[in-house]
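# Geometric and topological summary
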There are 2 protein chains.
Amino acid sequence: MEMKSVTRSLRILEAVAQHQPVTVGELTKLFGLPKSTVQRTLVTLNEAGWLRANRKDTTRWEIGARVLAVRPAALQGSSLFAAAREPMIRLRDTLNETIHLSVPDALQSMVVVDRVDCHHAVRTFYGIGDTSPLHATATGRAILAHLPKADVEELISHGLQSFSESTPADPDRLRAEVERVRADGYSVNLNQYRPDVCAVAAPILDEDGTPLASVAVSMPDSRYDAARLPEWGRLVADTAAEIAARRLGA
Amino acid sequence: MEMKSVTRSLRILEAVAQHQPVTVGELTKLFGLPKSTVQRTLVTLNEAGWLRANRKDTTRWEIGARVLAVRPAALQGSSLFAAAREPMIRLRDTLNETIHLSVPDALQSMVVVDRVDCHHAVRTFYGIGDTSPLHATATGRAILAHLPKADVEELISHGLQSFSESTPADPDRLRAEVERVRADGYSVNLNQYRPDVCAVAAPILDEDGTPLASVAVSMPDSRYDAARLPEWGRLVADTAAEIAARRLGA
DNA sequence: CACAACGTTCCACAATGTGGCACGGCCTCA
DNA sequence: TGAGGCCGTGCCACATTGTGGAACGTTGTG
């Protein structure tokens, strides 16, 4: 609980990202802070290169490109990122469903880092940077299955939030789920987090077996076909394995 | 010149990004700051979700995935990003040279936001988040050619740094270059920024003609063939136009 | 076993960020 | 045209907040 000004500045930065391009006034309303405080913060963030004035309306602020140089280690040098791209597109072409690449952020959440859209008129939607809970999604459990058991227990001890009737909020059910994923090589989510959304995912492992990220194919409930699950699971797992291999080869 | 603690915290955040995973001690040496100051800053950034402890060595800090939710407007919802991907890969397959997608950051610099690598053993290398000057690169001049002339003059008034013998550091030469780019629809850079690196670029325009980003094919000097420039220029320009069209269609 | 290096904690001091207020420009509506 | 409202910006006395030297606990090394 320290560095109030820094914490507040980062909150403001995040708010700008969500509402860009945004004015000082809009932000003061959003935070209930004095105008001068918000103004001073924006000027400081601008001088640091993290913010810039909108070209067309200079009273509006938006995120500067500087932030792109600040990325999680897993994406640094973009070896994972670059390695994943083509296999993801091929998987999308094979299944014609949206493919997501996600990385774990501590044990808190999975974060979407890349996306290849399907061509259907009805699509699932997650944006880059969006987060989801580890226990309630296919993408999260693909990671959990390859973490030390102590980590899974730690996650359980923090409490398992329920998002729908099918969320595995019960510790034993989650443990069984995770075992099954490790055995099968892929994870499945049927309406456990967002209603009407199903997904199949597989982990991308480091050379020493540490899970770095996961690939997932996600689709509306209406297009999910249980009979084809083994085939889809294999395809997703193969894609994840190919990405892992390419990453090491690079 | 205000909010010293905020400015410093952001500098530290950037340093973590560059050196991750990094310890408190390494950062104190890097900045010459007291240990306690660095320590306090890291804890604050961690609590804000921007940093996290490395899983394998908890005394080392790395960038958290939270930053991915903070992106420049041009990439928001990743319409540009998603639209660019497949045309870039096709261009790479056609030319077998590395393709970059870059966006302008104010009039300061171009920032690489995406990359598709070629298959040659010898490649040009720019990482995501890397920056380059607007006047000295193909990717920058593709943007300049579609900005109001006042902006070009403003850039000139800030001074044109020279990076090699062929850098267009002379205002009149740059103005002529920019005119030529507008007429041709593509820009060229022959060793003007980095030695031995050549590039051909074209702008991706908004519906009202504002340049949002540029696509560039870059290659080692040794593989550049002047005779094929018109053909390559046309291919790059076509790719840029296709990306612009896809972006609007999405 | 002792020393060195490191991450972490504490606390008195004052530098730093705060926010109420006032100014000036812009737009709207009478 | 002019008054009123709204917005972004600049100022400054106050005290909250961040600072950094020093001391502590732990780890690993010669």
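Residues numbered from 1 in each chain as written. Chains lettered and ligands numbered in written order. Predicted model: local features only at pLDDT ≥ 70, side-chain atom pairs only at ≥ 80, totals over all residues. Heavy atoms only, no water.

## Points about the protein's contact with DNA strand C
What surrounds DNA strand C is a group of 16 residues, the closest being Arg 8 and Arg 40 of chain A together with Lys 4, Thr 23 and Gln 39 of chain B. Backbone atoms, meaning sugar plus phosphate, form 56% of the atoms of DNA strand C positioned within 4 Å of the protein. Between a phosphate oxygen of DNA strand C and a main-chain N or O atom of Val 24 of chain B, the distance comes to 3.3 Å. Contact between DNA strand C and Gly 25 of chain B: a phosphate oxygen at 2.8 Å from a main-chain N or O atom of the residue. Contributing elements (two or more residues each) for the surface near DNA strand C: helix 1 (4-19) and helix 3 (35-47) of chain A together with helix 1 (4-19), helix 2 (24-31) and helix 3 (35-47) of chain B. Residue classes in the surface near DNA strand C are distributed as three nonpolar, eight polar and five charged. (Near = heavy atom within 4 Å. Polar contact = N/O pair within 3.5 Å; in protein donor to acceptor, adjacent residues only side chain to side chain. Helix = DSSP H or I, 4+ residues; strand = E, 2+ residues; numbered from the N terminus. Nonpolar A, V, L, I, M, F, W, Y, C, P; charged D, E, K, R; others polar.)

## Some words on the protein's contact with DNA strand D
The environment of DNA strand D is made up of 17 residues, and the closest members are Lys 4, Thr 23 and Gln 39 of chain A together with Arg 8 and Arg 40 of chain B. Counted by atom, the contact set of DNA strand D within 4 Å of the protein is 61% sugar and phosphate. Within the backbone of Lys 4 of chain A, one N or O atom sits 2.4 Å away from a phosphate oxygen of DNA strand D. In this structure, a base oxygen belonging to DNA strand D sits 3.3 Å away from a side-chain N or O atom of Lys 35 of chain A. Among the secondary structure elements, those contributing two or more residues to the surface near DNA strand D are helix 1, helix 2 (24-31) and helix 3 of chain A together with helix 1 and helix 3 of chain B. Among the residues forming the surface near DNA strand D, the class breakdown is three nonpolar, nine polar and five charged.

## What about the sheet that holds strand 7 (residues 197-205) of chain B?
Residue and element names in this part refer to chain B. Judged by pairing direction, the sheet is antiparallel, and its six strands sit side by side in the order 5-4-3-8-7-6 without closing on themselves. The outermost strands of the open sheet, each flanked by one partner alone, are strand 5 (131-132) and strand 6 (187-190). In the sheet, strand 3 (residues 98-105) pairs with strand 4 (residues 109-116) via seven bridges, with the strands oriented antiparallel. Residue Pro 104 lies in a different strand from strand 4, and its bridge partner there is Met 110. (Pairing = 2+ DSSP bridges.)

## Quick look at the interface of chain A and chain B
Contacts between chain A and chain B engage 62 residues on the former and 63 residues on the latter. Regarding the contact of chain A and chain B, the summed buried area is about 5,500 Å², with carbon and sulfur atoms giving 58% of it. Here Asp 105 of chain A makes a salt bridge to Arg 52 of chain B, at a shortest N to O gap of 3.0 Å. The interface formed by chain A and chain B contains 21 residue pairs in polar contact (both at pLDDT 80 or more). (Contact = heavy atoms within 4.5 Å. Buried area = accessible area lost by both parts, 1.4 Å probe. Salt bridge = Lys/Arg side-chain N within 4 Å of Asp/Glu carboxyl O.)

## Description of the packing of helix 1 of chain A against helix 2 of chain A
All names here are of chain A. Across the interface, helix 1 lies against helix 2 with an axial gap of 11 Å and an inter-helix angle of 120 degrees. For helix 1 against helix 2, the interelement crossing comes out right-handed. Across the interface between the two elements, Arg 11, Ile 12, Ala 15, Val 16 and His 19 of helix 1 pack against Leu 27, Leu 30 and Phe 31 of helix 2. The residue inventory of the contact of helix 1 with helix 2, partitioned by class, reads six nonpolar, one polar and one charged. (Axes fitted to C-alpha atoms, helices over the stretch in contact; angles between N-to-C directions. Left-handed = near helix turned anticlockwise from the far one by under 90°.)

## What about the relation of the copies chain A and chain B?
Each copy of the sequence occupies a distinct position, and chain A is placed on chain B by a rotation of 180 degrees and an axial shift of 0.0 Å, giving an RMSD of 0.1 Å. As the rotation angle and translation indicate, the two copies are arranged about a two-fold axis. Closest approach to the rotation axis among the C-alpha atoms of chain A is made by Val 6 of chain A, whose C-alpha sits 2.5 Å away. When the interface residues of chain A are mapped onto chain B, 100% of them again fall at the interface, so both copies present the same face. (Least-squares fit on C-alpha atoms with pLDDT ≥ 70 in both.)

## Re the sheet that holds strand 6 (residues 187-190) of chain A
Residues and elements named next belong to chain A. Overall, antiparallel pairing links the six strands, which are arranged 5-4-3-8-7-6 in an open sheet. For this open sheet the edge positions go to strand 5 (131-132) and strand 6, each flanked by a neighbour on one side alone. Note that strand 7 (residues 197-205) and strand 8 (residues 211-220) share nine bridges and pair antiparallel. Counted as the bridge partner of Leu 205 is Pro 211 from strand 8.

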